[in-house]
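Chains, contacts and geometry: an overview
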Amino acid sequence: MHAYDLILTLTGALTAALLLGMVTQRLRMSPILGYLLAGIVVGPRTPGFVANADLAGQLAEVGIVLLMFGVGLHFRLADLLQVKRIAVPGAVVQSVIATALGTGVALAFGWSLSAGLVLGMSLAVASTVVLIRMLTDHNALETPHGHVAVGWLIVEDIFTVVILLLVPVLGSLRGADMSAFEAVSFVGIGLAKLAALIALVLVIGARVVPWFLTRVARSRSRELFTLAVLAIALAVATGSAVVFGASMALGAFLAGMVVGQSTLSHQAGADALPMRDAFAVLFFVTVGMQFDVGSLLAQPGLVLSSLGIILVGKPLAALAVVALLGYSVRTAFTVAIGLAQIGEFSFILADAAGKLDLFPAAGRSVLVASAIVSIALNPLLFRLIDPIEEAIRARPALWRWFDRRAAIRGQEISERQRAKPARECNIRAIVLGYGPVGQTVVGLMDRFDVCSVIVDLNIDTITELSDAGRQAVYGDGRRSEVLVAAGLESAHYLIVTTPDPETRAAVVAVARGLNPNLRILVRAHYMSERKTLETHHATAVCYEESEVAVGLAEMLLHEIGVANPQIEAESRRIRAELEPSPVT
């Protein structure tokens, strides 16, 4: 039967992952939870089919390589720079606190210092996959607080990559009998090799890899291009481990960064995605196979303590940091709850440390149990953000404590705004949200001499706009006092560009109550929002669904040579069909 071990392992692991992934998806939880449970089902400690652990481990290595390659491929420094004022200090402080708590807990249960540090760092980093899924499900990915949460995790990912740099060096030093000078020299040589790897990949590879991918792309063979992407990821990862003594995960991350600089990065990502997803599933299944309920029963206090760090310690640290830095309550709770879980990076770090005997096998069972519980609870916790915010708002003393620094920063901006001489305008408009859509609208208003006031929940954006001389108000547009501060009672127009449908409806309702004659123009994504916006008396709505349909139709008609008057008529007809009655 050994000849069939590979195919049996693949079949059993993927089938169990598919079935349990579908169950967790139906329960509105992350499929990662299902994959971990699948690993327990096909693991050696449960009855029935048992997958080959050695083969599964090798397949998991490929999963780690492709996961890290995908992280590097989509890493964008610009995304981090947009929220650097909160994401960098916040993630560093929160990671240090969580690492210290995890280390202290491990030491209290008799673990070594190195094992404690690995446990602490594994508990400190959250899953980007789980976070983005939660933000997407709650229409918060493109909101200011969503941007902060994603930027925060980017910093955590960088922190973990740095740790992966040092793990092989620490593993070589562990138990080595050498003088202080020899130890320093050894560390120096190790770091020099790592620096050489980074320079080789990011400097030379940044020129060679894009050139090579372009040559392969010119062959117009999809198969060859896919093979080239896979070969680059595996070759750089393997070379990093064999030649430079670094982890394969780090090499794969660097390879992804290099490919990401190519103009072909989007195609590379599209080709790598199916492979990454399949092997990543096997990685999580393999992690689940390492789960040992016996080790947990022997030390239940360690599991409960680890969960306490994930579900209480990390969120409280994030809440305190965000509040002290002067950001909104919504941002604070989005970040705090988004971090209340662990995932892929935790296992990658523990796996790298475990191979060098820096982390015990029992620790992996602790991480698996912690991941299962925290990932299962995360969707439930996300649904509590609105009730928690309203409950805090109903207690003025508590609200003032949470929102004190944000209110102070907002008040400073308002005072600077009042000190500026008022601009004479015939038309005044308030723009809610300063993302790409809001920026386009404001730019158009400037061209036609319309006075605009920008309202946004990103305090850094508002500060920059105010410093640049623009009228800008920090705050939640759903609150009447914020809209009044923006001059809604005397405004002619309100343009709502926020991507969150619940926020859009609430803003329209509040604004209509403050100014019955106000013209309210709303950006909406789905046609299904029509009834809600009609109820709150929006003046006009631009639906992204209908505009995409019109845009594609116009492009097609242009391509086949239809005359412009007929194209315009067809565009009007499509809009009339999709929007049968105006919102009044």
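Nothing here was measured: the structure is a model prediction, and the numbers come from that model.

**Details of the overall build of the protein**
Check the secondary structure of the protein and you find 26 helices and six strands. Counting all 584 residues of the protein, 49% fall into the buried class.

**What about the packing of aromatic side chains?**
Overall, the coordinates contain two aromatic pairs when judged by the stated rule. Pairing Trp-111 with Phe-359 gives two aromatic rings, centres 5.8 Å apart and planes at 80 degrees, and the pair type is edge-to-face. With Trp-111 in the loop between helix H5 (84–108) and helix H6 (113–124) and Phe-359 in the loop between helix H16 (344–354) and helix H17 (361–382), this pair connects stretches of sequence that are 248 residues apart. A single burial state applies to Trp-111 and to Phe-359, both of which are buried.

**Comments concerning the side chain of Arg-504**
Mapped onto the secondary structure, Arg-504 falls in helix H23 (residues 501–514). Among the polar contacts listed, one links the side chain of Arg-504 to the backbone oxygen of Arg-523, at a separation of 3.1 Å. Excluding residues within four positions of it along the chain, Arg-504 makes contact with Val-496, Thr-498, Pro-499, Val-522, Arg-523, Ala-524, His-525 and Glu-529.

**Observations concerning H17**
With 22 residues, H17 should cover 32 Å at 1.5 Å per step; its first-to-last C-alpha distance of 32 Å lies within 8% of that length. Buried residues dominate H17, accounting for 16 of its 22 residues.

**Notes on the side chain of Glu-389**
Along the chain, Glu-389 falls in helix H18 (residues 385–393). The class of Glu-389 is buried, set by a relative accessible area of 4%. Leave out the neighbours within four places in its chain, and Glu-389 touches Val-329, Arg-330, Trp-399, Asp-476 and Arg-478.

**Thoughts on unusual backbone geometry**
In this model, Asp-449 sits at a positive phi of 60 degrees, which is unusual for a non-glycine residue. Checked against the element boundaries, Asp-449 lands in the loop between helix H20 (436–447) and strand S2 (451–456). For His-537, which is not glycine, the phi torsion reads 65 degrees and is therefore positive. In this structure, His-537 sits in the loop between helix H24 (530–535) and strand S6 (540–543). On the basis of relative accessible area, His-537 is assigned to the partly exposed category, the value being 44%.

**A short note on the pairing of strand S4 (residues 493–496)**
Across four bridges, strand S1 (residues 428–432) lies against S4 in parallel orientation. When the bridges of S4 are listed, Val-431 appears paired with Ile-495. Where S4 and strand S5 (residues 519–524) come together, four bridges link them in parallel fashion. Across the sheet, Leu-494 pairs through a bridge with Ile-520, a residue of S5. Handedness of the β-α-β unit built from S4, H23 and S5 comes out right-handed.

**Looking at the sheet that holds S1**
Taken together, the six strands give an open sheet; going across it, the order is S3-S2-S1-S4-S5-S6, and neighbouring strands pair in parallel fashion. On the outer flanks of this sheet lie strand S3 (471–474) and S6, each paired with one strand and no other. The mean inter-strand angle of the sheet, taken between neighbouring strand axes irrespective of direction, is 15 degrees. Sheet strands in contact with H20 are S1, S2, S4 and S5, and its direction is about 165 degrees off that of S1. Of the strands in this sheet, S5 and S6 are in contact with helix H25 (residues 544–559), which crosses S6 at around 55 degrees.

**Let's talk about a nonpolar patch on the surface**
Together, Leu-200, Val-203, Ile-204, Val-208, Trp-211 and Phe-212 give the surface a local cluster of nonpolar side chains, amounting to about 580 Å² of exposed area. Mapped onto the fold, Val-203 is located in helix H9 (residues 180–217).

**Points about the nonpolar core**
In this structure, Leu-36, Met-68, Trp-152, Phe-283 and Phe-347 are the most contacted members of the largest nonpolar core, which totals 139 residues. Residue contacts for Trp-152: discarding those within four places in its chain leaves Ile-86, Ala-87, Gly-90, Ala-91, Gln-94, Ala-318, Val-321, Val-322, Val-335 and Leu-339. Counting 24 residues, the second largest nonpolar core, distinct from the first, contains Leu-432, Val-482, Ala-524 and Met-527.

**Side note on the pattern of salt bridges**
Across all of its chains, the model carries seven salt bridges by this definition. Where Arg-330 meets Glu-389, a salt bridge forms, and the shortest distance between an N and an O atom there is 2.7 Å. Residue Arg-330 is located in helix H15 (residues 329–338), and its partner Glu-389 is located in helix H18; the two are separated by 59 residues in the primary sequence. With respect to burial, Arg-330 and Glu-389 carry one shared label: buried. A salt bridge links Glu-570 to Arg-573; its shortest N-O distance comes to 2.8 Å. Taken together, the residues Glu-570 and Arg-573, both in helix H26 (residues 564–578) and three residues apart, mark about one turn of the helix. Look at Glu-570 and you get partly exposed, because its relative accessible area is 26%. Here Arg-573 falls in the partly exposed class, since its relative accessible area comes to 38%. One network of salt bridges, with partners in common, ties together Arg-330, Asp-386 and Glu-389.

**Some points on the pairing of S1**
With respect to burial, S1 is a largely interior element, four of its five residues being buried. Inspection of the sheet shows S1 paired to S2 by five bridges, in the parallel sense. Looking across to S2, one finds that Leu-432 is bridged to Val-455. Between the parallel elements S1 and S2, the chain passes through H20 in a crossover that is right-handed.

**Focus on the packing of helix H14 (residues 300–324) against H17**
Interhelical geometry of H14 versus H17 gives an angle of 40 degrees and a closest axis separation of 10 Å. Taken as axis vectors, H14 and H17 run oblique relative to one another. Here H14 runs over H17; the crossing is right-handed. Across the interface between the two elements, Leu-302, Val-303, Ser-306, Leu-307, Ile-310 and Leu-311 of H14 pack against Val-366, Ala-369, Ser-370, Val-373, Ser-374, Leu-377 and Leu-381 of H17. Partitioned by chemical class, the residues of the contact of H14 with H17 number 10 nonpolar, three polar and no charged.

The rules behind each value
The residue numbers shown here count from 1 along each chain, following its written sequence. Restriction of local features to residues with pLDDT of at least 70 applies here, the model being predicted, together with a cutoff of 80 or more for giving and counting side-chain atom pairs; totals for whole chains, interfaces and linings are based on all residues. No hydrogens and no water enter the side-chain calculation; it runs on all heavy atoms of the structure. Put simply, DSSP H or I for four residues or longer makes a helix, DSSP E for two residues or longer makes a strand, and each gets a number counted from the N terminus. Throughout this description, buried means an accessible area under 20% of the type-specific maximum (1.4 Å probe, protein chains only), exposed means over 50%, and partly exposed covers the range between. Stacked, edge-to-face and tilted are the three classes for Phe, Tyr and Trp ring pairs, Trp counted by its six-membered ring, which pair at centre distances within 6.5 Å; planes under 30 degrees apart are stacked, over 60 edge-to-face, the rest tilted. For this analysis, a polar contact is any N or O atom pair within 3.5 Å, provided that within protein one partner can donate a hydrogen and the other can accept it, and provided that sequence-adjacent residues contribute only side-chain to side-chain pairs. Contacts are assigned to residue pairs that have any heavy atoms within 4.5 Å of one another. What a helix should span is 1.5 Å times the count of its residues minus one. For two strands to count as paired, DSSP must find a minimum of two bridges between them. Here is how to tell: hold the view so the strands point away, follow the path from the first strand over the helix to the second, and if it runs clockwise the crossover is right-handed. For every element, the axis is a line fit to its C-alpha atoms; helices are fit only across the contacting stretch, and the angle between N-to-C directions ranges from 0 to 180 degrees. Note that patches include only residues with greater than 30% relative accessible area and no salt bridge, and the join distances are 9 Å for like charges and 5 Å for nonpolar side chains (Val, Leu, Ile, Met, Phe, Trp, Tyr). Methods summary: accessible areas were calculated by the Shrake-Rupley approach with a probe of 1.4 Å, and residue burial reflects only the protein chains presented. One speaks of a salt bridge when a side-chain nitrogen belonging to Lys or Arg is within 4 Å of a carboxyl oxygen belonging to Asp or Glu. As used here, the term nonpolar core means buried Ala, Val, Leu, Ile, Met, Phe, Trp, Tyr and Cys residues forming a set that is joined through side-chain atoms within 4.5 Å. Working definition: roughly parallel below 35 degrees, roughly antiparallel above 145 degrees, roughly perpendicular at 65 to 115 degrees, and oblique for all remaining angles. Here a crossing is called left-handed whenever its near helix is offset anticlockwise from the far helix by less than a right angle, and right-handed whenever the offset is clockwise. Three classes are used: nonpolar for Ala, Val, Leu, Ile, Met, Phe, Trp, Tyr, Cys and Pro, charged for Asp, Glu, Lys and Arg, and polar for all others, with Gly counted as polar.

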